[in-house]
Amino acid sequence: MSVSSCLVVGNWKMHGTLSEAAALVGGLAERLATGGSTVVRHAEIVLCPPHPLLVPVGQRIQETPFRLGGQDCSSAEPGPRTGEVAAAMLRDAGCGYVLLGHSERRTHQHESNAAVRAKVVAAQAAGLTAIVCVGESTAVRQDGQAERHVTDQVLASLPAAVDAAATVVAYEPVWSIGTGDTPGVPDIEAMHATLRDALVRIHGPGPWRVVYGGSVRARNAGAIAAGGGVDGLLVGGASLQPGEFWGICEAVSLTRTVPP
Ligand code: PGA
């Protein structure tokens, strides 16, 4: 059993009004206040609301150990890019993290590995930790190409001068996101080992953090987080329900507690 803390990232995606965000953060803060100190000792909790909610959520979590992250950033410096958000702006809004290359962006915004790589450069230059998402589709997995695909994706999504300490790789099988289906823990462990090997081979010893995402719930979080080489969880749908999200954080923290 490891004693290292485990990352739990809540990706709110395109959900939330000001009042819903207040209720969600309030629900988490309540649980934190009622015996939650052990949980946050072992779980590093990051909330990634949509851009308009970053500042109000940031203000609400100021006195808590919760951290703030964006869901995307531009690869460009601040300037004439209507609709874009620069990495430095996320930093200024209180973010320590940014999700990059989520499969929904790769699909709907046609983000290539090269585009993601440029964003990682911008994010790290702004002092953000980049959470770089990779994962295979059902067709790729059925073809027996999952490990090759995901390895190619991660290597092509990171710049040569990547800062390992400011990088988290999120393995998110596309077929698992929002579906209720998850790979078995041995499959997750195998993919994390493959990713870590590739990162070490190309970019050096790290330390590299590799987290899992896709249909994580309170009921499966502990088993997944206890898997070898799993440094945390990226949570979508369940991060919108304070009870469920806190249940995930609790389950994760138990996997990091040394038994008496
Ligand atoms: P999910 O999403 O937990 O709803 O499957 C995960 C993600 O997209 O990051």
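See the structure above.
What you see is a predicted model; the values in this text were computed from it and never measured.

(A) Looking closely at the overall build of the protein. The number of helices and strands found in the protein is eleven helices and eight strands. Here the C-alpha radius of gyration of the protein, 17 Å, is about what a compact globule of 260 residues would show, namely 18 Å. Dimensions along the principal axes, computed over C-alpha positions, put the protein at roughly 50 × 45 × 35 Å. In the protein, the share of contacts with a sequence separation of at least 24, taken over all contacts with a separation of at least 6, comes to 74%. Surface summary for the protein: the accessible area is close to 11,400 Å², and the carbon and sulfur share equals 54%. The distance from the centre of the 19 positive side-chain charges to the centre of the 23 negative ones in the protein is 2 Å.

(B) Examining the site of the ligand more closely. Every one of the 13 residues lining the ligand counts as a neighbour, but Lys13, His102, Glu172, Gly178 and Ser215 are closest to it. One of the side-chain N or O atoms of Lys13 is found 2.7 Å from an oxygen atom in the ligand. Take Gly236: an N or O atom from its main chain is 2.8 Å from an oxygen atom of the ligand. Coverage of the ligand by the protein chains reaches 97% of its 280 Å² of free accessible surface. The residue makeup of the shell around the ligand, split by class, is three nonpolar, eight polar and two charged.

(C) Inspection of unusual backbone geometry at higher detail. Note the cis peptide between Gly206 and Pro207, where omega equals 15 degrees. As for its placement among the helices and strands, Pro207 is situated in the loop between α9 (185–203) and β7 (209–213). In the Ramachandran plot, His110 falls in the positive-phi region, its phi being about 50 degrees despite a non-glycine side chain. Owing to a relative accessible area of 66%, His110 belongs among the exposed residues under this scheme. In this model, Ser215 sits at a positive phi of 55 degrees, which is unusual for a non-glycine residue. Here Ser215 is to be found in the loop between β7 and α10 (218–225).

(D) Summary view of the environment of Glu250. Its location among the elements puts Glu250 in helix α11 (residues 242–255). Along the sequence, Glu250 and Leu68 sit 182 residues apart, while their C-alpha atoms lie 19 Å from each other.

(E) The arrangement of the side chain of Ser157 in detail. With respect to the helices and strands, Ser157 occurs in helix α8 (residues 146–157). Side-chain polar atoms of Ser157 contact the side chain of Arg106, separated by 3.1 Å. For Ser157, the side chain forms a polar contact with the side chain of Asn113, separated by 3.1 Å. Every residue in contact with Ser157, bar those within four places of it in the chain, is listed here: Arg106, Asn113, Val116, Arg117, Val120 and Val132.

(F) Structural context of the sheet that holds strand β8 (residues 232–235). Pairing in this closed barrel of eight strands is parallel, and the strands run β1-β2-β3-β4-β5-β6-β7-β8 around the ring. Strand-to-strand, the axes of this sheet are offset by a mean angle of 25 degrees, without reference to chain direction. Where α8 meets the sheet, it contacts β5 (129–134) and β6 (167–171), and its direction lies at approximately 150 degrees from that of β5.

(G) Just the packing of α8 against α9, in detail. Look at α8 against α9: their axes get within 10 Å of each other, and the N-to-C directions meet at 40 degrees. When the axes of α8 and α9 are compared, the pair comes out oblique. As α8 packs across α9, the resulting crossing turns out to be right-handed. Contacts between α8 and α9 pair Ala146, Glu147, Val150, Thr151, Val154 and Leu155 from the former with Ala190, Met191, Thr194, Leu195, Ala198, Leu199, Arg201, Ile202 and His203 from the latter. Its residues assigned to classes, the contact of α8 with α9 comprises ten nonpolar, three polar and two charged.

(H) Quick peek at α10. Taken as a whole, α10 has its buried residues at Asn220, Ala221, Gly222, Ile224 and Ala225. Considering only its buried residues, α10 is in contact with β1 (6–11), α9, β7, β8 and α11.

(I) Main features of the nonpolar core. Ranked by internal contacts, the top residues of the largest apolar core, which has 62 residues, are Leu47, Val57, Leu195, Leu233 and Ile248. Tallying contributions element by element places α11 first for this core, with six residues. Those residues in contact with Leu195, other than ones at most four positions away along the chain, are Val134, Val150, Val154, Val169, Tyr171 and Val210. Judged by nonpolar contacts, the second largest core, of twelve residues, contains Tyr97, Ile131, Val168 and Ala170.

Reading guide: rules and limits
Once a new chain begins, its residue numbering starts again from 1 and follows that chain's sequence as written. Predicted model: local features are reported for residues with pLDDT of at least 70 only, side-chain atom pairs are reported and counted for 80 or more only, and whole-chain, interface and lining totals are derived from all residues. Side-chain figures throughout are based on the complete set of non-hydrogen atoms in the structure, without hydrogens or water. Secondary structure elements are defined from DSSP: runs of H or I of at least 4 residues count as helices, runs of E of at least 2 residues count as strands, and each element is numbered from the N terminus. Throughout, the radius of gyration refers to the C-alpha atoms, and the reference size of a globule is 2.2 Å times the residue count to the power 0.38. Contacts between residues were defined by any pair of non-hydrogen atoms, one from each residue, lying within 4.5 Å. Residue burial considers only the protein chains on display, and all accessible areas are found by Shrake-Rupley using a 1.4 Å probe. Charged-residue counts in this description rest on Lys and Arg as positive and Asp and Glu as negative, His and the chain ends being excluded. Charged groups are reduced to one reference atom each: NZ for lysine, CZ for arginine, CG for aspartic acid, CD for glutamic acid. Each residue is tested against the molecule or strand, and it is near if at least one of its non-hydrogen atoms lies within 4 Å. Polar contacts, as counted here, are pairs of nitrogen or oxygen atoms within 3.5 Å of one another; within protein the pair requires one atom able to donate a hydrogen and one able to accept it, and residues that are adjacent in sequence qualify only if both atoms are side-chain atoms. The nonpolar class holds Ala, Val, Leu, Ile, Met, Phe, Trp, Tyr, Cys and Pro. Asp, Glu, Lys and Arg form the charged class, and all remaining residues, Gly among them, are polar. Three labels apply to residues, based on accessible area from a 1.4 Å probe with only protein chains included: buried if under 20% of the type maximum, exposed if over 50%, partly exposed otherwise in between. At least two DSSP bridges between two strands are needed for those strands to be called paired. Throughout, an axis means a line fitted to C-alpha atoms (over the contacting stretch in the case of helices), and angles, computed between N-to-C directions, take values from 0 to 180 degrees. For classification purposes, angles smaller than 35 degrees are called roughly parallel, those larger than 145 roughly antiparallel, those between 65 and 115 roughly perpendicular, and all remaining angles oblique. A clockwise turn of the near helix away from the far one marks a right-handed crossing, whereas an anticlockwise turn of less than a right angle marks a left-handed crossing. By nonpolar core we mean a set of buried residues, namely Ala, Val, Leu, Ile, Met, Phe, Trp, Tyr and Cys, connected to one another through side-chain atoms within 4.5 Å.

All quantities given are derived from atomic positions and should not be read as evidence of function.
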